[in-house]
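# A structural walkthrough
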Amino acid sequence: GHYTQGHTYTVRGATMTISFTGITLASSALGLPPFKLPSPLDALPPEVRHALAGAGVQSGAFDTAFVDGDLRVSRGDRGELRVFVR
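Residues numbered from 1 in each chain as written. Predicted model: local features only at pLDDT ≥ 70, side-chain atom pairs only at ≥ 80, totals over all residues. Heavy atoms only, no water.

## Quick word on the pattern of salt bridges
A complete count under the given rule lists 2 salt bridges for this structure. For Arg-78, the salt bridge identified is with Asp-77, shortest N-O distance 3.1 Å. The class for Arg-78 is exposed, based on a relative accessible area of 57%. Under the relative-accessibility criterion, Asp-77 is labelled partly exposed at 46%. Salt-bridge contacts for Glu-80 lead to Arg-82; the nearest nitrogen and oxygen are separated by 2.7 Å. On the basis of relative accessible area, Arg-82 is assigned to the partly exposed category, the value being 26%. (Salt bridge = Lys/Arg side-chain N within 4 Å of Asp/Glu carboxyl O. Buried < 20%, exposed > 50% of the residue type's maximum accessible area, 1.4 Å probe, protein only.)

## Remarks on the packing of aromatic side chains
Throughout the structure, instances matching the rule amount to 0 aromatic pairs. The side chain of Arg-72 reaches across the aromatic face of Phe-84, ending 4.4 Å from its centre. (Phe/Tyr/Trp six-rings, centres within 6.5 Å; stacked < 30°, edge-to-face > 60°. Lys NZ or Arg CZ within 6 Å of the ring centre and 35° of its normal.)

## Here we look at the pairing of strand β5 (residues 71-76)
One ladder, built from 5 bridges, connects strand β4 (residues 59-67) with β5; its direction is antiparallel. Bridging across to β5, Val-67 finds its partner in Arg-72. Relative to strand β6 (residues 81-85), β5 is paired through 5 bridges, and the arrangement is antiparallel. Residue pairing for β6: Val-73 is matched across the bridge by Val-83. Between the end of β5 and the start of β6, which pair antiparallel, lie 4 residues, with Gly-79 showing a positive phi angle near 90 degrees. (Pairing = 2+ DSSP bridges. Helix = DSSP H or I, 4+ residues; strand = E, 2+ residues; numbered from the N terminus.)

## A word on the environment of Phe-66
Relative to the helices and strands, Phe-66 resides in strand β4. Judged by its relative accessible area of 40%, Phe-66 is partly exposed. Counting along the chain gives 52 residues from Phe-66 to Ala-14, while the straight-line C-alpha distance between them is 9.7 Å.

## Digging into the environment of Leu-52
Relative to the helices and strands, Leu-52 is located in helix α1 (residues 46-54). Sequence separation between Leu-52 and Leu-41 is 11 residues, and the spatial gap between their C-alpha atoms is 8.2 Å.

Keep in mind these numbers describe shape, not what the thing actually does.
Here is the structure:
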């Protein structure tokens, strides 16, 4: 089957923060119509969900160190180096 991961993002200067919002199943081996699976945090009480989301449980951020028409190099908030090529 095919699925799409939902995300939201914010950009502040050279830093982008991406947050997971859920998964949409577009097709399945069982022939089910498309449907969206919510974020696992949605099952928690609002105050717990808000605290975990604020702690970055379902998000990540990265700072762009270099970018041109073909390449972007960034460092993630967990120390990873990301290289994107068009």
